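Coordinate inspection notes
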Amino acid sequence: MASGVQVADEVCRIFYDMKVRKCSTPEEVKKRKKAVIFCLSPDKKCIIVEEGKEILVGDVGVTVTDPFKHFVQMLPEKDCRYALYDASFETKESKKEELMFFLWAPEQAPLKSKMIYASSKDAIKKKFQGHRLIKLKSLPLNCPLPPGEGEQSWRFRTATGSPFCVACKCEVACE
């Protein structure tokens, strides 16, 4: 079911900037986004960038010690959101980086919010071509990630490609 929700140009620009890593000066790299959260506009007609809900690469190690935990803490406990997270993780074979697109829909969110975000996800997925959608419900807020591990605690199953947490083996749904 399509909702008719539009995607703001700024959301598309941020996605492109995070996806395409240009050769940059160290100062430009520090300004690149590590994570950003999107929400629906107050009139529920457009997906926009949520004010103040981003992590810059330059913040990592300075004001943000564990970017993945910080990212998770930025998500609201009782409402839905979309998010992009530039993850770095290791598989048995190698180190990898992947731009992950999340639909955050916690169990405590109002049913109407869950329905609007679920029906609007296709609009943003079309703009974020080539990136699978990871649906998060109550995970990872309730997940006992080891201290200081954050994104390093996530691994990808080679058969399904689904992310799961090393600490508790919990798995999330991917599209």
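In this text the structure is predicted, and so the values were computed from the model without any measurement. (Residues numbered from 1 in each chain as written. Predicted model: local features only at pLDDT ≥ 70, side-chain atom pairs only at ≥ 80, totals over all residues. Heavy atoms only, no water.)

All right, on to the overall build of the protein chain then. The helix and strand inventory of the protein chain stands at four helices and nine strands. In the protein chain, the succession of α and β elements from N to C terminus is β-α-α-β-β-α-β-β-α-β-β-β-β. Of all 175 residues assigned to the protein chain, the portion counted as buried reaches 42%. Relative to all contacts within the protein chain whose residues are 6 or more apart in sequence, the contacts with residues 24 or more apart total 62%. Entry remark: accessible area of the protein chain is about 9800 Å², with carbon and sulfur atoms responsible for 52%. (Helix = DSSP H or I, 4+ residues; strand = E, 2+ residues; numbered from the N terminus. Buried < 20%, exposed > 50% of the residue type's maximum accessible area, 1.4 Å probe, protein only. Contact = heavy atoms within 4.5 Å. Areas by Shrake-Rupley, 256 points an atom, 1.4 Å probe, with all protein chains shown as cover.)

For the rest of this paragraph, the subject is the layout of surface pockets. The computed volume of the largest pocket comes to approximately 240 Å³. Contributing to the lining of the largest pocket are 13 residues, with Asp17, Met18, Lys31, Arg32 and Lys33 lying nearest its centre. Broken down by element, the residue count for the lining of the largest pocket peaks at four residues, all from helix α1 (residues 9-19). For the lining of the largest pocket, the per-class residue count stands at four nonpolar, one polar and eight charged. (1 Å grid on protein atoms, 1.4 Å probe; cavity = no way out; pocket = protein on both sides within 12 Å on 5 of 7 lines; lining within 4 Å. Points joined across faces, edges and corners; volume = space filled by probe spheres on them. Nonpolar A, V, L, I, M, F, W, Y, C, P; charged D, E, K, R; others polar.)

Right, let's talk about helix α3 (residues 67-74) for a bit. Within α3, burial applies to Pro67, Phe68, Phe71, Val72 and Met74. Seen end-on, α3 carries its buried residues on one side only, within an arc spanning 155 degrees. (Arc of directions from axis to C-beta.)

This part is about the pairing of strand β2 (residues 33-40). With eight of eight residues buried, β2 is to be regarded as a mostly interior element. Pairing of β2 with strand β3 (residues 46-56), which is carried by six bridges, proceeds in the antiparallel orientation. Paired with Ala35 across the bridge in β3 is Ile55. Linking β2 back to β3 in an antiparallel pair, the connection comprises five residues, with Lys44 at a positive phi of about 65 degrees. (Pairing = 2+ DSSP bridges.)

A complete count under the given rule lists nine aromatic pairs for this structure. Centre to centre, the rings of Phe68 and Phe71 are 6.0 Å apart; their planes meet at 45 degrees, and the pair counts as tilted. You can see Phe68 and its partner Phe71 sitting in helix α3, three residues apart, about one turn around the helix. On the basis of relative accessibility, which here comes to 4%, the residue Phe68 falls in the buried class. Judged by relative accessible area, Phe71 falls into the buried class, the value being 1%. Both rings, one in Tyr82 and one in Tyr117, keep their centres 4.9 Å apart while their planes meet at 45 degrees; by these two values the pair is tilted. (Phe/Tyr/Trp six-rings, centres within 6.5 Å; stacked < 30°, edge-to-face > 60°.)

Here we take up α1. All of the buried residues in α1 are Val11, Ile14, Phe15 and Met18. Along the axis of α1, the buried residues cluster in a sector spanning 100 degrees; they form a single face.

What follows concerns unusual backbone geometry. Most peptide bonds take the trans configuration, and most residues that are not glycine carry a negative phi. Positive phi, close to 65 degrees, is recorded for Lys44, a residue that is not glycine. Mapping Lys44 onto the fold places it in the loop between β2 and β3. Looking at Lys44, the relative accessible area reads 44%, which means it is partly exposed.

Secondary-structure assignment places Lys34 in strand β2. Assessed through its relative accessible area of 9%, Lys34 is described here as buried. A C-alpha to C-alpha distance of 8.8 Å links Lys34 and Gly58, two positions 24 residues apart in sequence. Here the side chain of Lys34 touches Asp86 through a polar contact of 2.6 Å, landing on its backbone oxygen. (Polar contact = N/O pair within 3.5 Å; in protein donor to acceptor, adjacent residues only side chain to side chain.)

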